[in-house]
Amino acid sequence: MTIALQTIGLTKRFGGITATNDVTLNIEAGARHALIGPNGAGKTTLINLLTGVLRPTAGRILLNGADITGLPQHKRVRLGMVRTFQINQLFGDLTPLETVGLAISERRGAGTDWWRVAGSKPGLNAEIAGILERFRLADVRNVRSATLPYGRQRLLEIAVAIACRPQVLLLDEPAAGVPDEERHEILAGIAALPKDVTIVLIEHDMDIVFSFAEKISVMVNGALLTEGTVDEVANDPRVKAVYLGEAADA
């Protein structure tokens, strides 16, 4: 078993408030791992710790065995840890073609000259086309991102993350704000993620969680409550009580 992402006793305090409390996770390479919990459970704080947005009060973070606890965000991306956000972080005036092209060019070290590079590198153009096809964005490749349906915008953000060629991808509520009639596109997009990429999904939509995850970790009040397979978590009375809205003795 190869561990792609590991946290050891990860803790974050804001004054007298402990947002993340002694969290230890071992996420295997290639895993489809979901992180769930009620609002205020500490999920987003944990993701911000993993990606370097926040520095931990205590504990360590290891990526493929290397300690990245003290590294800034951009160096973690270079090492293969990439995330999406609850709220889109897209350039509204760029098209999907331009957006994915920029992400790939930046990964290749040509971000400042990406519009010229994209037109002169057949390999780059093929990679852009492949990613747009994978996430069902080819038909809107020349449409301004700001005018796309919200579900397509969410897919574009996932496409940009994959363009960075992550080893570990953190998806922070990819279905948040997506209308019901567009949610099937998010499900299809998540299903299209490369199998060799380790995926950690933070999501409130339990249909997405149960259809995607092989293993689930449950957070409550900043700490891990339990973790296990989908069936184990779904049938855990503690999870039903605190997250799924059922009485503990139901």
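Further up the page is the structure itself.
### Description of helix α1 (residues 43-51)
Burial analysis of α1 places eight of its nine residues in the buried class, which makes it a mostly covered element. The positive-phi residue at the C-terminal boundary of α1 is G52, with phi of around 90°.

### So, the sheet that holds strand β6 (residues 81-83)
Backbone hydrogen bonds are what pair the strands of a sheet, in a parallel or an antiparallel way. Within the open sheet, the six strands sit side by side as β6-β7-β8-β3-β9-β10. Their pairing is mixed. Lying at the two open borders of the sheet, with one neighbouring strand each, are β6 and β10 (223-228). The mean angle between the axes of side-by-side strands here comes to 20°, regardless of whether they run parallel or antiparallel. When strand β3 (residues 32-36) meets strand β8 (residues 198-202), the two strands line up parallel, connected through four bridges. Residue pairing in the sheet places R32 in a bridge with I199 of β8.

### What about unusual backbone geometry?
The backbone phi angle of R136 is positive, close to 55°, even though this residue is not glycine. Mapped onto the elements, R136 comes out in the loop between α5 (122-134) and α6 (150-163).

### Quick notes on the pattern of salt bridges
One pass over the structure, following the stated rule, counts eleven salt bridges. One salt bridge connects D205 with R183, and the closest N-O pair in it is separated by 2.0 Å. Here D205 is found in the loop between β8 and α8 (206-212), whereas its partner R183 is found in helix α7 (residues 183-191), with 22 residues between them in sequence. In this structure, D205 and R183 share a single accessibility class: buried. Overlapping salt bridges, with partners in common, bring together R107, E127 and R165 in one network.

Reading guide: rules and limits
- Residues numbered from 1 in each chain as written.
- Predicted model: local features only at pLDDT ≥ 70, side-chain atom pairs only at ≥ 80, totals over all residues.
- Heavy atoms only, no water.
- Buried < 20%, exposed > 50% of the residue type's maximum accessible area, 1.4 Å probe, protein only.
- Helix = DSSP H or I, 4+ residues; strand = E, 2+ residues; numbered from the N terminus.
- Pairing = 2+ DSSP bridges.
- Axes fitted to C-alpha atoms, helices over the stretch in contact; angles between N-to-C directions.
- Salt bridge = Lys/Arg side-chain N within 4 Å of Asp/Glu carboxyl O.

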